[in-house]
Amino acid sequence: MIAIAAALVEIALIAVQRWRAPSGAPKQMSWSHAAAAPAAGVVGWLLIGRPETTWDDLWLPLFFGVILGTEAARAARILSGKEWTGWATACGSGAASANWLLATPLPFM
């Protein structure tokens, strides 16, 4: 549930940024945010108890945590104008994406 909610918030953030994008907004992604997202995903995986991972399920946290999370971090940085919001979004989406690996909808159940 946490991963689904985080994915919906990321998609909404990206949609709002694309709708309100100034013409001079940076188009490229930040490689530092792309590196922070999977690192936060590993921390999230450790915090929720290191659930068993299979290669079939691994694409979900990688897609939602790294690709979508990096784009959401760029959108948050552009919309707010502050660098820390991009870092917070990248780390939050990376950590939340680890919940895709759980067998139950909520961690610690």
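Residues numbered from 1 in each chain as written. Predicted model: local features only at pLDDT ≥ 70, side-chain atom pairs only at ≥ 80, totals over all residues. Heavy atoms only, no water.

Concerning the overall build of the protein
- The helix and strand tally for the protein stands at four helices and zero strands.
- In the protein, the share of contacts with a sequence separation of at least 24, taken over all contacts with a separation of at least 6, comes to 88%. (Helix = DSSP H or I, 4+ residues; strand = E, 2+ residues; numbered from the N terminus. Contact = heavy atoms within 4.5 Å.)

Some remarks on the nonpolar core
- In this structure, Ala 7, Ile 14, Leu 60, Phe 64, Leu 68, Ala 72 and Ala 75 together form the largest nonpolar core, which totals seven residues.
- With five residues, the single largest contributor to this core is helix H3 (residues 59-80).
- Ignoring any residue separated from it by four or fewer positions in sequence, one finds Leu 60 in contact with Gly 65 and Trp 100. (Core = buried A, V, L, I, M, F, W, Y, C linked by side-chain atoms within 4.5 Å. Buried < 20%, exposed > 50% of the residue type's maximum accessible area, 1.4 Å probe, protein only.)

Focus: the packing of aromatic side chains
- Using the criterion set out here, one finds two aromatic pairs in the structure.
- Their ring planes at 85° and their centres at 5.0 Å tell us that Phe 63 and Phe 64 sit as a pair that is edge-to-face.
- Among the residues examined, Phe 63 registers a relative accessible area of 35% and is labelled partly exposed.
- Given a relative accessible area of 16%, Phe 64 falls into the buried group.
- When the ring of Phe 64 is compared with that of Trp 100, the centres are 5.0 Å apart and the planes differ by 25°; the resulting orientation is stacked. Separated by 36 residues along the polypeptide, Phe 64 in helix H3 and Trp 100 in the segment after helix H4 (83-97) bring together distant segments of the chain.
- Exposure remark for Trp 100: the relative accessible area of 22% places this residue in the partly exposed category. (Phe/Tyr/Trp six-rings, centres within 6.5 Å; stacked < 30°, edge-to-face > 60°.)

A few points about helix H2 (residues 31-47)
- Taking 1.5 Å of rise per residue, the 17 residues of H2 would be expected to cover 24 Å, and the 25 Å separating its terminal C-alpha atoms lies within 8% of that figure.
- For H2, every residue scored as buried is listed here: His 33, Ala 34, Ala 36, Ala 37, Ala 40, Gly 41 and Gly 44. The buried residues of H2 all sit within an arc of 160° when viewed along its axis, so they share a single face. (Expected span 1.5 Å × (residues − 1). Arc of directions from axis to C-beta.)

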